[in-house]
Amino acid sequence: MGWCDAARALETPYFDGIRPLLQELSSATWPTLSQLNALAVKFAIRNSPGVPIQFVPPSVDTISAMRYETRIAETGEVPTRDNWHDLFNALQWIAFPCMKSALNTQHVRLLVAGGACEANARTVPRDVLTMFDESGVIVASADQSLLELVRAFKWRELFVDRREEVIASVRFILVGHGLMEKSLVPFIGMTAKALLLNLDARSTAIDQSVAKWLLNDANISDAHHLAPLPLLGIPGWDARSESASFYANDEYFRPGRRIAAGRMR
């Protein structure tokens, strides 16, 4: 899908997290590295060590996970191809610099600690970081009971019975750049990995709060700390969600599954 062809899709709520940046880009031509770098300069985007972020063409030495992450940490250079996947990654760096810096910091720490073994076969913590980076959604609400409904797979109670409360007091922000690419043409089955924040939906500290969560090693020690969330069920994200019968699809809105120790996940 070309840039102009995606104009209508980019107006949907899937892309609200990068909405201000999309409005800064030309609607006629594919964003260039120069345009992305100009935005990075405008918003003073830096990595954790304080090095300015720059979006650069990919090179052979960024093929490995080790080199990709360490290059960002050492030089601030983010290899960026001319495709949707990398474009959304770049826009996430600009929109959520604390989050992306935390992801990079943790990847580098784990890669250095694990050496070649970690680079060739990801451990659970790096799997969690990657899942969130590729398919993450932030769910922020000061109402803990609504967050618990997400955690418990109570989709009908959340999205039908308490729909007005969700609309009024829960903020959903898609940040996984891989899932953002899929969201250009949404389909039944799209499920995000939700990071649940007990934080006012209007808070201006969401980026910093997500970074703090990611930098806590306990949080990334278990993939179950990210809750599965069927994206099309979020109110306003798909026209079919206006009908209560939409949530009767148990293949998509799964009731959960039992794991060890009898806990529901």
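Residues numbered from 1 in each chain as written. Predicted model: local features only at pLDDT ≥ 70, side-chain atom pairs only at ≥ 80, totals over all residues. Heavy atoms only, no water.

(A) Quick look at the environment of Lys193. By secondary structure assignment, the location of Lys193 is in strand S5 (residues 191-198). Residues Lys193 and Val175 lie 18 residues apart in sequence; the distance between their C-alpha atoms is 9.9 Å. Discounting residues that sit within four places of it in the chain, Lys193 has contacts with Met131, Phe132, Ser135, Gly136, Val137, Leu226 and Ala227. (Helix = DSSP H or I, 4+ residues; strand = E, 2+ residues; numbered from the N terminus. Contact = heavy atoms within 4.5 Å.)

(B) How the structure looks around the pattern of salt bridges. Scanning all chains against the criterion turns up 13 salt bridges. With its nearest N and O atoms 2.8 Å apart, the salt bridge here joins Arg19 to Asp16. A relative accessible area of 44% places Asp16 in the partly exposed class. Arg162 is paired through a salt bridge with Asp143; the nearest N and O atoms lie 3.5 Å apart. With a gap of 19 residues between them, Arg162 in the loop between helix H8 (155-161) and helix H9 (163-169) and Asp143 in the loop between strand S3 (136-141) and helix H7 (144-151) connect regions that are remote in the sequence. Residues joined by salt bridges that share partners form a network here, namely Asp143, Arg162 and Glu165. (Salt bridge = Lys/Arg side-chain N within 4 Å of Asp/Glu carboxyl O. Buried < 20%, exposed > 50% of the residue type's maximum accessible area, 1.4 Å probe, protein only.)

(C) Quick look at the nonpolar core. Counting residues in each nonpolar core, the largest one holds 56 residues, and the members touching the most others are Leu229 and Leu231. Counting residues per element, this core draws most heavily on helix H4 (residues 84-95), at seven residues. Look past the residues within four positions of Leu229 in its chain and what remains in contact with it is Val137, Val139, Val150, Trp155, Phe159, Phe172, Met190, Thr191, Ala192, Ala194 and Ile234. Counting 21 residues, the second-largest nonpolar core is a separate cluster that includes Ala102, Leu129, Trp213 and Ile220. (Core = buried A, V, L, I, M, F, W, Y, C linked by side-chain atoms within 4.5 Å.)

(D) Seen up close, helix H11 (residues 206-214). When H11 is considered as a whole, its buried residues turn out to be Ile206, Asp207, Val210, Ala211, Trp213 and Leu214. The arc that holds every buried residue of H11, seen down its axis, measures 160°, which confines them to one face. (Arc of directions from axis to C-beta.)

(E) Representation of the confidence of the model for the chain within the structure. Averaged over all residues, the pLDDT of the chain equals 92, while 92% of them reach at least 70. Low pLDDT (under 50) marks residues 258-265, which in the prediction has 13 contacts with non-local residues, meaning those over four places away or in another chain. (pLDDT = per-residue confidence, 0-100.)

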